[in-house]
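A structural walkthrough
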Amino acid sequence: MLPRRLDRLVTLSNEERFPILGEGLEKLGDRVAHLAGAVAALKAADDVIAAAALDVICTEEAAKVLILLDLARCMHPQKPFAKGCKYFYSHLARGIYAHVHEGNPADFAEIMRYVEVLRPSHYLDGPNDADWIFRNEILRGRESALYVDYEESQREEFSWTGGEREMLYVPARLTRLILALRTSGVLTEAGARAAAKAWKNAPFDGSTRWEFARERAKYVLAEIAVQENKDPTQEMHTAWRTVMEKWTFPLIHLDLTLDGISIEEMSEQQAHHYNRMMMDEYGAYDY
């Protein structure tokens, strides 16, 4: 038996994919709901360290929900579908999904720009914007919440990292979206079918506004509501609002892989940044 075989879906017909996606959505939805409850209990007990560690798992499972839904929404072009099956197992791709859905992008171009900010393997930061070299923010944040490690931040600069209470962040926005999708009935085979129908032949590019995604989310919710034929509760109305506000464009068309940048390149950028600072202050480089 082999794990991590979501790529099998690439070889199946669209009709064969829906039951598999539906089962996965239901299992992941139940898991996120259970983990989210445990994270909330830990936060209420002021156990931020444990809450942050468990939230890493909860958030990544939540991101996997969105990837499965993107497989349904982008089922017809084969290339994005195959990429999405790979992203399902990527810590970075799942983290990008989480970060994108924490905000409210105005259009797809804003998402594209943000994704490029999240991909580099290293970046500069500090009081002067370039004082230190850090590893990819998503991967470093994930590992800091889960592990204590001995880390090299710059050439021959080392320190123990991980578990610092003041550095831990326990977001809940992505979890709220997944719970809203679950309440709305989207995390089912019927939801996968409705998502595929809503996004079939629905092209978008950088100029496409957020309202485009909202209208398709509304269509998915309406399709499921008609099938369920129930009077919506206040909880359902609240869930619908969350889904329409927070469920944005598919991301599997984009490059969500790590953009490798060497320490040498970062050091050069650092030196250039300080030269620019000297130029601005004294009017000459290499002061």
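In what follows, the accompanying structure is described. Since the structure is predicted, the reported quantities are computational estimates derived from the model, not experimental observations. (Residues numbered from 1 in each chain as written. Predicted model: local features only at pLDDT ≥ 70, side-chain atom pairs only at ≥ 80, totals over all residues. Heavy atoms only, no water.)

Counting its regular elements, the protein chain contains 11 helices and four strands. Seen along its three principal axes, the alpha-carbon backbone of the protein chain occupies a region of about 75 × 45 × 45 Å. Within the protein chain, buried positions represent 45% of all 287 residues. Considering only contacts within the protein chain whose residues lie at least 6 apart along the sequence, 71% involve residues at least 24 apart. On the protein chain, roughly 15300 Å² of surface is accessible, and the fraction owed to carbon and sulfur atoms is 53%. Side-chain charges in the protein chain split into 34 positive and 45 negative, and the spacing between the mean points of these groups amounts to 9 Å. (Helix = DSSP H or I, 4+ residues; strand = E, 2+ residues; numbered from the N terminus. Buried < 20%, exposed > 50% of the residue type's maximum accessible area, 1.4 Å probe, protein only. Contact = heavy atoms within 4.5 Å. Areas by Shrake-Rupley, 256 points an atom, 1.4 Å probe, with all protein chains shown as cover. Lys, Arg positive; Asp, Glu negative; His and termini not counted. Charge placed at Lys NZ, Arg CZ, Asp CG, Glu CD.)

Turning next to the side chain of arginine 94. Topologically, arginine 94 is positioned in helix 4 (residues 91–102). Only 3.0 Å separates the side chain of arginine 94 from the side chain of histidine 91, close enough to count as a polar contact. The residues touching arginine 94, leaving out its near neighbours within four places in the chain, are Glu60, Ala63, Lys64, Ile67, Tyr87, Phe88 and Tyr89. (Polar contact = N/O pair within 3.5 Å; in protein donor to acceptor, adjacent residues only side chain to side chain.)

Let us look at the nonpolar core. Judged by nonpolar contacts, the single largest core of 77 residues is most densely connected at Ile178, Leu181, Trp247 and Leu256. A per-element tally of this core places helix 2 (residues 48–73) first, with 14 residues. Each residue touching leucine 256, except ones within four places of it in the same chain, is listed here: Tyr87, Leu92, Ala93, Ile96, Tyr97, Val115, Arg119 and Leu251. Leu124, Ala130, Ile133 and Ile261 belong to the second largest nonpolar core, which has five residues in total. (Core = buried A, V, L, I, M, F, W, Y, C linked by side-chain atoms within 4.5 Å.)

So, on to the pattern of salt bridges. Evaluated as defined, the whole model comprises 19 salt bridges. Between glutamate 60 and arginine 142 there is a salt bridge, with the nearest N and O atoms lying 2.7 Å from each other. With glutamate 60 in helix 2 and arginine 142 in helix 6 (residues 137–146), this residue pair connects regions lying 82 residues apart in the sequence. In this structure, arginine 119 engages glutamate 116 in a salt bridge whose closest nitrogen and oxygen atoms are separated by 3.1 Å. Each of Arg135, Arg140, Glu143 and Glu151 takes part in salt bridges that share partners, so that together they form one network. (Salt bridge = Lys/Arg side-chain N within 4 Å of Asp/Glu carboxyl O.)

Residues Val148, Tyr150, Phe158 and Trp160 make up a contiguous nonpolar surface patch of roughly 500 Å² in combined accessible area. Tracing the chain through its elements places tyrosine 150 in strand 3 (residues 149–154). (Patch = residues over 30% accessible without salt bridge, like charges linked within 9 Å, V, L, I, M, F, W, Y side chains within 5 Å.)

A few words now on unusual backbone geometry. Residue aspartate 46 is not a glycine yet carries a positive backbone phi of 60°. Looking at the element boundaries, aspartate 46 is found in the loop between helix 1 (14–44) and helix 2. Judged by its relative accessible area of 48%, aspartate 46 falls in the partly exposed class. Its identity as a non-glycine residue notwithstanding, asparagine 201 has a phi of 55°, on the positive side.

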